[in-house]
Amino acid sequence: MTATFNRLRHHFEDFSVGDTVLSPGRTVDISDISAFAGLTGDHYPLHVDEEYGRGTRFGGRIAHGPLTFSLAVGQVALSGFLGDAIVAFLECQNMRALAPVFPGDTIRVRVEIAGAEGGKPRYGVLRLDYTVLNQKDEEVMRFRMVLLARRREPGPGQEGDPGE
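The following paragraphs examine the structure supplied in this document.

Conventions used here
Residues numbered from 1 in each chain as written. Predicted model: local features only at pLDDT ≥ 70, side-chain atom pairs only at ≥ 80, totals over all residues. Heavy atoms only, no water. Helix = DSSP H or I, 4+ residues; strand = E, 2+ residues; numbered from the N terminus. Buried < 20%, exposed > 50% of the residue type's maximum accessible area, 1.4 Å probe, protein only. Polar contact = N/O pair within 3.5 Å; in protein donor to acceptor, adjacent residues only side chain to side chain. Salt bridge = Lys/Arg side-chain N within 4 Å of Asp/Glu carboxyl O. Pairing = 2+ DSSP bridges. Core = buried A, V, L, I, M, F, W, Y, C linked by side-chain atoms within 4.5 Å. Contact = heavy atoms within 4.5 Å.

What about the environment of Arg61?
Examined against the element boundaries, Arg61 turns out to sit in the loop between helix H3 (50–54) and helix H4 (65–79). A relative accessible area of 10% means that Arg61 is categorised as buried. A distance of 3.4 Å separates a polar atom in the side chain of Arg61 from a polar atom in the side chain of Ser34.

Brief notes about the pattern of salt bridges
Counted by the stated rule, this structure contains nine salt bridges. Here Asp32 and Arg26 are joined by a salt bridge, their closest N and O atoms 2.9 Å apart. Overall, Asp32 belongs to the buried group, its relative accessible area being 17%. With its nearest N and O atoms 2.7 Å apart, the salt bridge here joins Glu139 to Arg142.

Notes on the pairing of strand E4 (residues 106–117)
As paired strands, strand E1 (residues 20–22) and E4 are joined by three bridges and run antiparallel to one another. Bridge assignment links Thr20 to a residue of E4, and that residue is Glu112. Pairing between strand E2 (residues 26–27) and E4: two bridges, direction antiparallel. Within E4, the residue paired with Arg26 across the bridge is Ile107.

Side note on the environment of Ser79
Tracing the sequence through the fold places Ser79 in helix H4. Separated by 55 residues in sequence, Ser79 and Pro24 place their C-alpha atoms 7.7 Å apart.

Description of the nonpolar core
Among the nonpolar cores identified, the biggest contains 30 residues, and Phe81, Leu82, Leu128, Tyr130, Val132 and Phe143 are the most heavily contacted of them. Of all the secondary structure elements, the ones that give two or more residues to this core are helix H1 (30–40), H4, E4, strand E5 (123–133) and strand E6 (139–150). Ranked by the residues each element gives to this core, the list is headed by E6, at six residues. Sequence-distant contacts of Phe143, defined by excluding residues within four places in its chain, comprise Phe69, Ala72, Val73, Cys92, Gln93, Asn94, Met95, Leu128, Asp129, Tyr130 and Val132.

Remarks on unusual backbone geometry
At Asn94, a residue that is not glycine, the phi angle is positive and equals roughly 55°. Take Asn94: it is sitting in strand E3 (residues 86–97). Here the phi dihedral of Asp137 falls at roughly 65°; this positive angle occurs in a residue that is not glycine. Among the secondary structure elements, Asp137 is positioned in the loop between E5 and E6.

What follows is the structure, given as structure tokens:
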């Protein structure tokens, strides 16, 4: 079940472990794959050559793994789940491509706050588990994002961190 959340999140303290969102779907098409190949220079035939793709175990062209990752991150950003609290990307952990994404597949993303560490007075670290699903509710990718989020300003009499 997807929990409700405040789209106006501005600080680390606005998040709780277990907060979850499911993004709307987005259909991946050939133009997405071709544009990604052109943007990145990754013209591997599995992604850009239908005839080559037919001869593979996938039976046709598939989306680049990094394209699926990028679309997943974008879908969560568009959902408003993170508000404007995030100040930096720190790390992506344990990325697994579990199934191919074909042109015409519709993907959506379930993301859950898996961890929240207070860290320093100005920033906290959020650990978010992303699960990318296709239109059949099959997992196609999974990864953990580690993000730096701004904390509320220290109140009067509270110590800040002059090193940040």
